[in-house]
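Take a look at the letters that make up each chain.
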Amino acid sequence: MRFRHPDGSTVHLAYCTNVHPAETLDGVLAQLRDHCEPVRRRLGRDRIGIGLWLARAAAHTLTTDPASLRALRTELDRRGLEVVTLNGFPYEGFGADEVKYRVYQPDWTRPERLAHTTDLARLLAALLAEDVGEGSVSTLPLAWRTPFDARAAATARSALTTLAARLDALEELTGRSIRIGLEPEPGCTVETVADAVTALTDVPRHRIGVCLDTCHLATSFEDPRTALDALTTAGITIPKAQLSAALHAEHPHLPEVRAALGAFAEPRFLHQTRTRTAAGLRGTDDLPEALATPEAGHAPGPGIGSGPGLPDATPWRAHFHVPLHAPPAPPLGSTLPVLRETLALLVGGPHPLTRHLEVETYTWQALPPDRRPRTRARLAEGIAAELALARDLLTDLGLKELP
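Rules of the game
- Along each chain, the written sequence defines residue order, and numbers are assigned to residues from 1.
- Given that this is a predicted model, residues contribute local features only at a pLDDT of at least 70 and side-chain atom pairs are listed and counted only at 80 or more, while totals for whole chains, interfaces and linings are drawn from all residues.
- To get the side-chain values, all heavy atoms of the structure are used, and hydrogens and water are removed first.
- Using only the protein atoms, space was sampled on a 1 Å grid; points where a 1.4 Å probe fits but cannot get out form cavities, open sets with protein on both sides within 12 Å along at least five of seven lines form pockets, and lining residues are those with an atom within 4 Å of a point.
- Grid points are joined across faces, edges and corners, and a volume is the space filled by probe spheres set on the points.
- Three classes are used: nonpolar for Ala, Val, Leu, Ile, Met, Phe, Trp, Tyr, Cys and Pro, charged for Asp, Glu, Lys and Arg, and polar for all others, with Gly counted as polar.
- Note on definitions: angles span 0 to 180 degrees between N-to-C directions of axes, and those axes are lines fitted to C-alpha atoms, for helices only across the stretch in contact.
- Counting from the N terminus, the helices are DSSP H or I runs at least four residues long and the strands are E runs at least two residues long.
- Working definition: roughly parallel below 35 degrees, roughly antiparallel above 145 degrees, roughly perpendicular at 65 to 115 degrees, and oblique for all remaining angles.
- The hand of a helix crossing depends on one turn: near helix anticlockwise from the far one by less than a right angle means left-handed, and clockwise means right-handed.
- By the convention used here, residues are in contact when the closest approach between their heavy atoms is within 4.5 Å.
- Working definition of a nonpolar core: buried Ala, Val, Leu, Ile, Met, Phe, Trp, Tyr and Cys residues. They are joined through side-chain atoms within 4.5 Å.
- Here the term buried applies to any residue with accessible area under 20% of the maximum for its type, exposed to any over 50%, and partly exposed to those in between, with areas from a 1.4 Å probe on protein chains only.
- Only centres within 6.5 Å qualify two rings of Phe, Tyr or Trp (six-membered ring in Trp) as a pair; their planes then separate them into stacked at under 30 degrees, edge-to-face at over 60, and tilted for everything else.
- Polar contacts, as counted here, are pairs of nitrogen or oxygen atoms within 3.5 Å of one another; within protein the pair requires one atom able to donate a hydrogen and one able to accept it, and residues that are adjacent in sequence qualify only if both atoms are side-chain atoms.
- Pairs of strands are assigned from DSSP output, requiring at least two bridges between the strands.
- Salt bridges are defined as contacts in which a side-chain nitrogen from Lys or Arg sits within 4 Å of a carboxyl oxygen from Asp or Glu.
- One fewer than the residue count of a helix, multiplied by 1.5 Å, yields its expected span.
- Here, the arc refers to the directions that run from the helix axis to the C-beta atoms.
- The disulfide criterion used throughout: a pair of cysteine sulfur atoms within 2.5 Å.

Participant: I tried to follow empty space enclosed by the protein on my own but got confused; where do I start?
Facilitator: Rolled over the atoms, a probe sized like a water molecule indicates the empty space that remains. Evaluated as defined, the whole model comprises four cavities of 30 Å³ or more. Within this model, the largest cavity holds a volume of roughly 180 Å³. Along the walls of the largest cavity sit 20 residues, with Phe94, Val103, Glu185, His319 and Tyr362 positioned nearest its centre. When the residues that make up the lining of the largest cavity are grouped by side-chain class, the tally is nine nonpolar, seven polar and four charged.

The following block contains the structure:
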């Protein structure tokens with residue numbers, strides 16, 4: 001979906017296909033047929049954007065077989081689908097029964113991550129429409145926080161510098177500019193925007209910036225205006241933003257609230273949980289750990305990931321991407337207000353701070369059983385409803401939807 005900003009530039013809206021896990025090219029093609037095109041039809045549009053997730057196996061096929069790449073481009077066009085951004089965060093196995101910490105491997109200290117991201121950039125340059133000159137790829141924020149020392153940081157910076165040089169060469173060859181966004185995420189080396197500013201020191205910022213995920217921003221209790229001002233001051237760009245909402249519990253000490261949260265403590269994905277206290281941000285690596293009762297006579301540990309239990313005198317937020325248009329029923333809620341505020345700052349000003357927006361709710365099938373879509377049709381309806389909400393937010397900010 002394309003929108004005209006009041007300054008005359010085009011802003012793209014897509015939804016991320018990591019909600020339809022597929023490891024192979026055949027699986028990706030099936031996604032387009034079974035999921036993406038039905039979403040487009042429900043929206044009544046001739047064309048919609050998708051943020052394509054290509055697992056390593058699918059990307060390898062496309063980079064080694066030019067006919068497969070041409071076939072994918074043809075299939076996208078035939079089904080009314082446009083790609084301007086790729087999700088390069090998960091490498092493989094995102095559809096496994098248990099993902100958890102594995103999603104952070106390989107990280108930016110390993111050559112496989114550089115090779116894969118380079119391949120994604122080259123593929124995206126070939127998939128962009130003729131009238132689109134810029135693409136974006138989101139990637140993990142360097143690594144999970146442990147173990148990660150100064151030597152690892154130097155290795156990661158070197159890899160990003162190499163990637164920037166390759167992207168410069170790619171633009172010279174194709175005329176397409178591809179930029180990369182590190183996606184700050186709770187528990188990672190780069191959890192906050194402040195961490196991103198530090199991590200991107202001495203990295204070529206014309207190519208490497210930040211992918212701002214509004215669920216992650218909210219989970220870490222970051223103030224949107226402060227975060228965006230910090231990026232602007234540091235000269236760090238935002239190649240893309242992911243429109244998502246976290247799980248919010250205003251009164252986590254209440255038994256009924258803890259019971260409701262327990263329904264979201266599922267085994268597939270990691271749901272980092274945070275609370276803001278007078279002593280600073282406290283957190284656990286997963287929701288079950290936050291809900292656990294500390295051993296008798298012991299208070300929850302200080303800091304992040306320091307043991308079971310989380311102080312419950314202040315609100316909790318959990319890294320669980322809840323559907324934008326359907327927040328959890330009371331006594332829980334979502335951080336949709338943070339998304340609204342961030343989006344207004346991103347594209348509501350005289351010039352957009354990013355031109356690539358992606359709805360990323362990959363947790364539809366991880367929702368409590370009574371809220372999961374039971375059929376493809378129900379899932380398509382839900383995704384279409386999320387995109388419709390995002391569309392309405394954009395038009396309310398003065399952007400005009402284009403055919």
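Participant: I keep staring at the packing of helix α11 (residues 336-347) against helix α12 (residues 376-396) and nothing clicks. Help me out?
Facilitator: Interaxial distance between α11 and α12 falls to 10 Å at its minimum, and their mutual angle equals 45°. By the criterion of interaxial angle, the relationship of α11 to α12 is oblique. Crossing of α11 over α12 shows right-handed handedness. Only Leu389, Leu393 and Leu394 of α12 make contact with α11, whose side of the interface consists of Leu336, Leu339, Arg340, Leu343 and Val347.

Participant: I would appreciate a short explanation of the nonpolar core in the present structure.
Facilitator: Among the nonpolar cores identified, the biggest contains 120 residues, and Leu13 and Tyr15 are the most heavily contacted of them. The residues touching tyrosine 15, leaving out its near neighbours within four places in the chain, are His20, His35, Cys36, Val39, Ile48, Gly49, Ile50, Gly51, Glu358, Val359, Ile383 and Leu387.

Participant: Help me understand the packing of aromatic side chains, please; the structure alone is not making it clear to me.
Facilitator: Here a ring pair, both rings aromatic, is described through the centre-centre distance and the interplanar angle of the planes. Evaluated as defined, the whole model comprises eight aromatic pairs. Ring centres of phenylalanine 94 and tyrosine 362 lie 5.3 Å apart, and the angle between their planes is 65°; on these two criteria the pair is classed as edge-to-face. Residue phenylalanine 94 is found in the loop between β4 (81-87) and α4 (111-127), and its partner tyrosine 362 is found in the loop between β14 (356-359) and α12; the two are separated by 268 residues along the sequence. Assigned by exposure class, phenylalanine 94 and tyrosine 362 land together as buried. An aromatic cluster of three or more residues is present, and its members are Trp53, Phe94, Phe269 and Tyr362.

Participant: I'm lost on the side chain of glutamate 82 in this one. Help?
Facilitator: Take glutamate 82: it is sitting in strand β4. A distance of 2.4 Å separates a polar atom in the side chain of glutamate 82 from a polar atom in the side chain of arginine 2. Once you skip the residues sitting within four places of it in the chain, glutamate 82 turns out to touch Arg2, His12, Arg47, Ile48, Gly49, Ile50, Ala129 and Val132.

Participant: Teacher, can you tell me more about the sheet that holds strand β9 (residues 245-249) here?
Facilitator: What holds strands together in a sheet is hydrogen bonding between their backbones, with the strands either parallel or antiparallel. Overall, antiparallel pairing links the five strands, which are arranged β11-β10-β12-β9-β13 in an open sheet. Where the open sheet ends on each side, the last strands, each with one partner, are β11 (280-284) and β13 (332-334). Between one strand axis and the next, the sheet turns by 30° as a mean value, whatever way the strands run. Two strands pair when backbone bridges link them, and β9 and β13 are joined in this way by three bridges, in the antiparallel orientation.

Participant: I tried to follow the pattern of salt bridges on my own but got confused; where do I start?
Facilitator: Note that side chains of opposite charge can pair when their charged atoms are close. As enumerated under the stated definition, the model contains 25 salt bridges in all. Notably, a salt bridge pairs arginine 176 with glutamate 130, separated by 3.9 Å at the nearest N-O pair. Of the two residues, arginine 176 is situated in the loop between α5 (150-174) and β6 (177-182) and glutamate 130 in the loop between α4 and β5 (134-139); the sequence distance between them amounts to 46 residues. A salt bridge links arginine 391 to aspartate 392; the nearest nitrogen and oxygen atoms lie 3.3 Å apart. In this structure, a network of salt bridges that share partners links the residues Glu37, Arg40, Arg41, Glu75, Arg78 and Arg79.

Participant: Even after reading the chapter, I still don't get helix α3 (residues 66-78), so can you show me in this structure?
Facilitator: An α-helical turn contains 3.6 residues, so any two residues separated by three or four positions project in the same direction. For α3, with 13 residues, the first-to-last C-alpha span of 18 Å sits near the 18 Å given by 1.5 Å per residue. Those residues of α3 that sit buried are Ser68, Leu69, Leu72, Arg73, Glu75 and Leu76. Taken around the axis of α3, the buried residues stretch over an arc of 160°, which confines them to a single face. Structural note: α3 exposes Pro66, Arg70, Asp77 and Arg78 on the side pointing more than 90 degrees away from its buried face. On its buried face, α3 sits against α1 (25-43), β3 (48-52), α2 (56-64), β4 and α4. Taken from the residues just after α3, glycine 80 is the one with a positive phi, measuring 70°.

Participant: Hey, could you run me through the state of the cysteines in this one?
Facilitator: Such a bond, covalent and formed between the sulfur atoms of two cysteines, is termed a disulfide. Applying the stated criterion across every chain yields a total of zero disulfides. Residue cysteine 36 stays outside any disulfide, its sulfur separated by 9.9 Å from that of cysteine 16, the closest cysteine. Of the residues examined, cysteine 36 reaches a relative accessible area of 0% and is grouped as buried. No disulfide involves cysteine 188; its sulfur sits 13 Å from that of cysteine 215, the nearest cysteine. Under the relative-accessibility criterion, cysteine 188 is labelled buried at 4%.

Participant: Before we go on, may I ask you to explain the environment of alanine 165 in this structure?
Facilitator: Tracing the sequence through the fold places alanine 165 in helix α5. Expressed as a C-alpha distance, the spacing of alanine 165 and tyrosine 104, which sit 61 residues apart in the sequence, is 24 Å.

Participant: Any chance you could explain the packing of α2 against α3 here in plain terms?
Facilitator: Helix-helix packing: each pair is described by the crossing angle between the helix axes and the interaxial distance. At a closest axis distance of 5 Å, the pairing of α2 and α3 adopts a crossing angle of 110°. With respect to α3, the element α2 is oriented roughly perpendicular. Between α2 and α3, the contacting residues are Thr61, Leu62 and Thr64 on the first element and Pro66, Ser68, Leu69 and Leu72 on the second. Broken down by class, the residue content of the contact of α2 with α3 amounts to four nonpolar, three polar and no charged.

Participant: How should I be thinking about unusual backbone geometry in this particular structure?
Facilitator: Note: most residues except glycine have negative phi, and most peptide bonds are trans. The linkage connecting threonine 146 with the following residue, proline 147, adopts the cis geometry, with an omega of -15°. Relative to the elements of secondary structure, proline 147 occurs in the loop between β5 and α5. Backbone torsion omega between proline 330 and proline 331 reads 15°, so that peptide bond is classified as cis. Relative to the elements of secondary structure, proline 331 occurs in the loop between β12 (316-322) and β13. Of note in this structure, lysine 100 is not a glycine but carries a positive phi near 45°.

Worth remembering: the numbers are spatial, not functional.
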